[in-house]
Amino acid sequence: MNTLRHLTLAVSLSCATLTSPLAHAGEVEVLHWWTSGGEARAVDTLKQMMQKQGDSWKDFAVAGGAGEAAMTVLKTRAVSGNPPSAAQLKGPDIQEWAEMGFLDDLNDIAEAGGWNDFLPTRVAETMQYDGDYVAVPAGIHRINWLWINPEVFKKAGATPPTNLDEFFAVADKLKAAGVVPIAHGGQNWQDGTIFETLVMAIMGPEGYDKVFVQNDEDAIRSEEMVKVFETFKRIKGYVDPNAAGRDWNLATAMVIEGKAGMQIMGDWAKAEFAAAGKKPGVDYQCVVFPGTESDFIYNIDSLTIFKIKNEANQKAQENLVRTVIDKPFQEVFNLNKGSIPVRTDIALDKFDDCAKQSSRDFQAADKAGRAEPSMAHSMANTSYIQGAIFDVVTNFFNDASADPKKATEQLVAAIQAAQ
Ligand code: GAL
């Protein structure tokens, strides 16, 4: 090879290096709480996509379902002037962090990517502060599901319940068959997950909205709310004595292993079944929680970008945002996470029947005014109000002599004090 050709080759090689993503390689440090088997598989898809583009991934995982521990750590890091470059944030917390000036505006990326064309309005609005995009949505979870082990049901002579009476009749059958009827972990957000599902079943979407979104005093101080607490107390009778402090995925494992018959949990539970090699409709069933068939309690996962100075890392942040909203990630992440894509322009061929139903039900509920944000998953109020509700709900659940009427009054008082 002559010298000129050598030179040309060298120049073109270095140009190739310059234009490859590696040339811009930066690092993203991502705070999240996706640490269970299924969740870890899902977040790993993002890590891999980022690495393929040449950016490095610094995992900042803080264990603890629903993210309470992660939020505490985030506050400490932010207050000390050293926030991670990206963090999982949800619902009104997004607006709070934006208002404090921590979050980068994502409008340029959103505009270039045409986000408004494919995001449902409800999702788009949740991602915005003052009309500006400040979060990128990853997927939509549904809370009001019941996860069933069909084998256990068969042995107990039970069939999936379609109303609350049937639900308790099934629970009795499971108890008689010697299994734990309801797999549960006694943590405030898990108690809250069951509680809000009962509010939906008993008070309907309008009542749910009044209680959790509007914090309407009359709706909280109502006969229906007393009934919610009474029903919640009945549930306790079907939970095993070792539930205190148990992580949600260990509760799911009880259903997977046939030690328990059912679990009330959002569809991240599906990711645990999938990670254990179980097939929907065969090894487990997803059934909409009885009495909430037309309703959808939603929980949108999203990532926010914190303002940082390093330019290479800023590029990596932008790459992260674009990757999360792009079709390939939306598909593979949600397939692994148990949720559904946020985009309306993604075919669901590869998704299972639970996801397809979730997608259909979300659209129908959204149109009919029956889609409501999850209180237990930080979609409905600030963490102060959520914390106040959790306190009343969890204390009630753990106190055998607690009175439903008194709890209703306590809920009114706690929410007022937190406002
Ligand atoms: C939710 C989160 C889900 C799931 C769940 C359990 O708050 O949105 O993605 O991870 O917590 O950790």
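Residues numbered from 1 in each chain as written. Predicted model: local features only at pLDDT ≥ 70, side-chain atom pairs only at ≥ 80, totals over all residues. Heavy atoms only, no water.

Engineer: Would you take a moment to explain the sheet that holds strand 10 (residues 285–288) for this structure?
Structural biologist: Pairing is mixed across the open sheet formed by four strands, whose spatial order is 8-9-7-10. The sheet terminates laterally at strand 8 (180–182) and strand 10, the two strands that pair on one side only. When strand polarity is set aside, the average angle formed by the axes of neighbouring strands in this sheet is 20 degrees. Both strand 7 (residues 145–148) and strand 9 (residues 260–264) contribute to a ladder of three bridges, which runs antiparallel. Looking at the pairing, isoleucine 148 lines up with methionine 262 of strand 9. (Pairing = 2+ DSSP bridges. Helix = DSSP H or I, 4+ residues; strand = E, 2+ residues; numbered from the N terminus. Axes fitted to C-alpha atoms, helices over the stretch in contact; angles between N-to-C directions.)

Engineer: Please clarify how the domain arrangement of the protein chain should be interpreted in this entry.
Structural biologist: Interface size is commonly expressed as the accessible area that is lost once the parts come together. Segmenting the protein chain into domains produces domain 1 (3–141 + 300–362) and domain 2 (145–297 + 367–418). Of note, the centres of domain 1 and domain 2, computed from C-alpha atoms alone, are 30 Å apart. Taken together, the 30 residues of domain 1 in the interface contact 29 residues of domain 2. In total, about 2500 Å² of surface goes out of reach between domain 1 and domain 2, with carbon and sulfur atoms giving 56% of it. Its largest share of buried area at the contact with domain 2, domain 1 owes to Pro92, His141 and Cys354, together 20% of the area lost on that side. Between the two partners, domain 1 and domain 2, sit one salt bridge. At the surface where domain 1 touches domain 2, the tally comes to seven residue pairs in polar contact (both at pLDDT 80 or more). Where the side of domain 1 that touches domain 2 is concerned, the elements lending two or more residues are helix 2 (37–52), helix 3 (68–79), helix 4 (91–99), helix 7 (121–126), strand 6 (135–142), helix 16 (327–337) and helix 17 (353–368). Per-element tally for the side of domain 1 that touches domain 2: the top contributor is helix 17, with six residues. (Domains from an automatic or database assignment. Contact = heavy atoms within 4.5 Å. Buried area = accessible area lost by both parts, 1.4 Å probe. Salt bridge = Lys/Arg side-chain N within 4 Å of Asp/Glu carboxyl O. Polar contact = N/O pair within 3.5 Å; in protein donor to acceptor, adjacent residues only side chain to side chain.)

Engineer: What am I meant to see in the pattern of salt bridges here?
Structural biologist: When the charged atoms of two side chains with opposite charge come close together, those side chains can pair. For the coordinates displayed, the defined rule picks out 13 salt bridges. With a closest N to O distance of 2.8 Å, glutamate 257 and lysine 259 form a salt bridge. A salt bridge links lysine 270 to aspartate 352; the nearest nitrogen and oxygen atoms lie 3.1 Å apart. Pair noted here: lysine 270 is in helix 14 (residues 268–275) and aspartate 352 is in the loop between helix 16 and helix 17, with a separation of 82 residues, a long-range link. When its relative accessible area of 6% is taken as the criterion, lysine 270 is described as buried. Overlapping salt bridges, with partners in common, bring together Glu217, Arg221 and Glu409 in one network. (Buried < 20%, exposed > 50% of the residue type's maximum accessible area, 1.4 Å probe, protein only.)

Engineer: What's the story with the site of the ligand in this structure? I'm lost.
Structural biologist: The environment of the ligand is formed by 13 residues, the closest being Glu39, Lys90, Asn299, Asp301 and Lys337. In the model, an oxygen atom of the ligand is placed 3.1 Å from a nitrogen or oxygen of the tryptophan 34 side chain. Here an oxygen atom of the ligand sits 2.7 Å away from a polar atom, N or O, in the side chain of lysine 90. Burial of the ligand by the surrounding chains reaches 100%, relative to a free accessible area of 300 Å². Residue composition of the shell around the ligand, grouped by class: five nonpolar, four polar and four charged. Counting only domains with at least three residues in the shell around the ligand, you end up with domain 1 (3–141 + 300–362) and domain 2 (145–297 + 367–418). (Near = heavy atom within 4 Å. Areas by Shrake-Rupley, 256 points an atom, 1.4 Å probe, with all protein chains shown as cover. Nonpolar A, V, L, I, M, F, W, Y, C, P; charged D, E, K, R; others polar.)

Engineer: What exactly am I supposed to notice about the packing of helix 10 (residues 188–213) against helix 18 (residues 383–398) here?
Structural biologist: The packing of two helices is summarised by the inter-axis angle and the distance between the axes. In the contact formed by helix 10 and helix 18, the axes pass within 10 Å of each other and the chain directions differ by 115 degrees. It follows that helix 10 is roughly perpendicular to helix 18 by the angle criterion. Regarding helix 10 and helix 18, the two cross each other, and that crossing is right-handed. Here Asn188, Trp189, Asp191, Gly192, Phe195 and Phe212 of helix 10 come into contact with helix 18, specifically with Ile389, Phe390, Val393, Thr394 and Phe397. Its residues placed into classes, the contact of helix 10 with helix 18 shows seven nonpolar, three polar and one charged. (Parallel < 35°, antiparallel > 145°, perpendicular 65-115°, else oblique. Left-handed = near helix turned anticlockwise from the far one by under 90°.)

Engineer: So what exactly am I meant to see when it comes to empty space enclosed by the protein here?
Structural biologist: Gaps left between atoms are located by rolling a probe of water-molecule size over the structure's atoms. Under the criterion given, the structure shown has one cavity of 30 Å³ or more. Counted as a void, the largest cavity has a volume near 90 Å³. Trp33, Glu39, Ala66, Trp268 and His377 are the residues nearest the centre of the largest cavity, which is lined by 15 residues in total. Residue composition of the lining of the largest cavity, grouped by class: six nonpolar, five polar and four charged. (1 Å grid on protein atoms, 1.4 Å probe; cavity = no way out; pocket = protein on both sides within 12 Å on 5 of 7 lines; lining within 4 Å. Points joined across faces, edges and corners; volume = space filled by probe spheres on them.)

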